[in-house]
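Next come the chains, spelled out residue by residue.
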Amino acid sequence: MATCIIANGALSMGKKVSLFFTFWGLNILRRPKAVQTQKNLIERAFEYMMPRGTKKLKLSKMNMLGLGTEMIKGIMKKHNVEPLDKLLAAIRDGGGRLVACRMSMDLMGIRKEELIDGVEDGGVATYLADAEKGNINLFI
Amino acid sequence: MATCIIANGALSMGKKVSLFFTFWGLNILRRPKAVQTQKNLIERAFEYMMPRGTKKLKLSKMNMLGLGTEMIKGIMKKHNVEPLDKLLAAIRDGGGRLVACRMSMDLMGIRKEELIDGVEDGGVATYLADAEKGNINLFI
Amino acid sequence: MATCIIANGALSMGKKVSLFFTFWGLNILRRPKAVQTQKNLIERAFEYMMPRGTKKLKLSKMNMLGLGTEMIKGIMKKHNVEPLDKLLAAIRDGGGRLVACRMSMDLMGIRKEELIDGVEDGGVATYLADAEKGNINLFI
């Protein structure tokens with residue numbers, strides 16, 4: 001959530017934004033529905049056990065079996081804060097780069113067609129090149 | 001703790017310091033005692049369930065029902081490391097900026113009078129403006 | 001893991017790299033086997049309870065009593081990603097600086113001889129000096 005708020009804020013101030021998603025972070029980029037793919041058993045197990053997309057994200061604390069998360073979602077709606085999938089789409093549509101870490105994709109058996117539209121894949125060199133051009137760089 | 005140590009170190013080296021507190025981080029800025037406020041039911045529930053101030057912080061690992069945390073506090077005292085509330089006050093009194101994220105305050109129903117003295121509130125633009133002027137910028 | 005991958009990537013692109021290890025992060029630098037030291041009771045308790053070295057690291061999620069971690073290690077091997085101890089040694093041997101936080105060592109009762117070869121100790125001033133010279137600076 002912090003990532004999306006900061007990125008949207010930076011875009012609205014006319015800055016260039018690039019988000020690099022590694023490991024568990026990749027799950028945020030997954031399409032909510034399963035995509036037909038060729039996978040081995042372990043990759044398939046990971047596919048089913050890992051959360052798909054922003055809707056599955058839980059509060060990092062006080063989740064309380066989902067109650068806390070639902071409460072915060074309700075409050076966000078009341079305060080006109082967009083839900084995460086909208087914020088993510090806004091970053092992409094506003095010119096922000098969404099890069100999925102290729103090594104993480106390999107390790108977790110995630111295929112590119114399982115990710116939402118507009119996501120590129122890249123390596124650590126992609127990340128470092130963007131980070132070096134940037135003025136602000138965060139690991140969230 | 002890392003935040004406070006790095007911030008105090010930077011101040012003592014003559015640097016400008018600005019700390020931006022979002023979401024759970026806001027709890028660190030809360031006064032240890034309840035403050036009379038107007039709140040709805042959900043906000044009141046959050047108020048009572050969330051920890052108030054630095055004294056309620058637990059070790060991120062090896063808390064062991066509070067034993068580990070107490071041990072570390074004891075060791076910190078023995079090694080003349082100031083407790084967190086003192087470190088935080090030292091940052092503020094040394095000219096460091098403590099900014100509470102306004103959107104997080106709205107979402108969690110935290111009022112400004114519930115936060116310790118010397119805290120400003122600000123938005124993502126406040127953060128980005130400070131971060132851009134800075135040479136070192138961390139998400140902790 | 002992210003730390004090691006990014007650091008190795010940066011070194012291979014000809015950048016200078018400095019890693020500063022604080023608190024729980026120090027455990028990654030510990031030798032896998034116990035070293036004879038003079039310690040008080042609390043320090044000794046911490047020594048035995050904290051994980052020693054990279055081999056003891058678990059996945060931050062989906063560890064599943066060790067099964068998930070072993071699965072990822074297997075997949076890393078299959079995809080020719082070096083294990084963490086090799087990645088760490090590669091950083092050190094490639095000219096990267098490994099700095100152990102002296103205050104954390106004091107608090108956790110870790111002696112320098114318990115850490116792997118090639119590790120320096122330093123304070124927050126050491127970190128800030130390196131961070132200020134650097135272009136990219138992450139808290140991981």
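Conventions adopted
- Residues numbered from 1 in each chain as written.
- Chains lettered and ligands numbered in written order.
- Predicted model: local features only at pLDDT ≥ 70, side-chain atom pairs only at ≥ 80, totals over all residues.
- Helix = DSSP H or I, 4+ residues; strand = E, 2+ residues; numbered from the N terminus.
- Rg over C-alpha atoms; globule rule 2.2 N^0.38 Å.
- Buried ≥ 20, exposed ≤ 12 C-beta atoms within 10 Å, placed from the backbone.
- Contact = placed C-beta atoms within 7 Å.
- Pairing = 2+ DSSP bridges.
- Axes fitted to C-alpha atoms, helices over the stretch in contact; angles between N-to-C directions.
- Least-squares fit on C-alpha atoms with pLDDT ≥ 70 in both.
- Nonpolar A, V, L, I, M, F, W, Y, C, P; charged D, E, K, R; others polar.
- pLDDT = per-residue confidence, 0-100.
- Parallel < 35°, antiparallel > 145°, perpendicular 65-115°, else oblique.

### Topic: the overall build of chain A
Helix and strand counts for chain A stand at six helices and three strands. If you list the helices and strands of chain A from N to C, you get α-β-α-α-α-β-α-β-α. Computed over its C-alpha atoms, the radius of gyration of chain A comes to 16 Å, within 12% of the 14 Å expected for a compact globule of 140 residues. Residues classed as buried in chain A amount to 26% of the 140 residues present. Contacts spanning at least 24 positions in sequence make up 63% of the contacts within chain A whose residues lie at least 6 apart.

### Concerning the sheet that holds strand β1 (residues 18-21) of chain A
All names here are of chain A. The three strands lie next to each other as β1-β2-β3, forming an open sheet whose pairing is parallel. Strands at the two margins of the open sheet, each flanked by one partner only, are β1 and β3 (119-122). Within this sheet the neighbouring strands show an average axis-to-axis angle of 30 degrees, counted without direction. Pairing analysis gives four bridges linking strand β2 (residues 97-101) to β3, with the strands arranged parallel. Residue pairing in the sheet places L98 in a bridge with V119 of β3.

### A look at the relation of the copies chain A and chain C
Take chain A, turn it by 120 degrees, move it 0.0 Å along the axis, and it overlays chain C with an RMSD of 0.0 Å. Expressed as a symmetry operation, the mapping of one chain copy onto the other fits a three-fold axis. Little of the interface of chain A is mirrored in chain C, where only 7% of its interface residues are also at the interface.

### Quick notes on the relation of the copies chain B and chain C
Note on the copies: chain B fits chain C at an RMSD of 0.0 Å, the axial shift is 0.0 Å, and the rotation between them is 120 degrees. A distinct binding surface is used by each copy, with only 5% of the interface residues of chain B retained as interface residues in chain C.

### Points about the interface of chain A and chain C
If you look at the interface, chain A gives 14 residues, while chain C gives 19 residues. Contributing elements (two or more residues each) for the side of chain A that touches chain C: α2 (41-49), α5 (102-108) and α6 (124-133) of chain A. Per element, the largest residue contribution to the side of chain A that touches chain C is five residues, and it comes from α6 of chain A. Among the residues making up the side of chain A that touches chain C, the classes are represented as ten nonpolar, two polar and two charged.

### Considerations on the sheet that holds strand β3 (residues 119-122) of chain C
Residue and element names in this part refer to chain C. On the basis of which strands lie adjacent, the open sheet formed by three strands has the order β1-β2-β3 and parallel pairing. Looking at which strands have only one partner, the edges of the open sheet turn out to be β1 (18-21) and β3. Within this sheet the neighbouring strands show an average axis-to-axis angle of 30 degrees, counted without direction. In terms of strand pairing, β1 meets strand β2 (residues 97-101) through four bridges, oriented parallel. Counterpart to F21 in the pairing with β2 is A100.

### Observations regarding the confidence of the model for chain A
Per-residue confidence for chain A gives a mean pLDDT of 92; residues scoring 70 or more make up 100%. What the predictor reports for the complex is a pTM of 0.91 with an ipTM of 0.88.

### Here we look at the interface of chain B and chain C
Taken together, the contact pairs 19 residues of chain B with 14 residues of chain C. Elements with a minimum of two residues in the side of chain B that touches chain C: α1 (2-12) and α3 (67-78) of chain B. Looking at which element gives the most residues to the side of chain B that touches chain C, the answer is α1 of chain B, with five residues. Of the residues in the side of chain B that touches chain C, the class split is 15 nonpolar, three polar and one charged.

### Considering unusual backbone geometry
Of note in this structure, N80 of chain A is not a glycine but carries a positive phi near 60 degrees. Among the structural elements, N80 of chain A can be located in the loop between α3 (67-78) and α4 (84-93).

### Focus on the packing of α6 of chain A against helix α1 (residues 2-12) of chain C
Where α6 of chain A meets α1 of chain C, the closest approach of the two axes is 10 Å, and the angle between their N-to-C directions is 75 degrees. The angle between α6 of chain A and α1 of chain C falls in the class roughly perpendicular. Across from V124, A125 and L128 of chain A in α6 of chain A, the residues of α1 of chain C making contact are I5, I6, G9 and A10 of chain C. Of the residues that constitute the contact of α6 of chain A with α1 of chain C, the class distribution is six nonpolar, one polar and no charged.

### Focus on the environment of W24 of chain C
Residue and element names in this part refer to chain C. Within the element layout of this structure, W24 appears in the loop between β1 and α2 (41-49). Assessed through the 15 C-beta atoms surrounding it within 10 Å, W24 is described here as partly exposed. Separated by 80 residues in the primary sequence, W24 and S104 place their C-alpha atoms 8.6 Å from one another.

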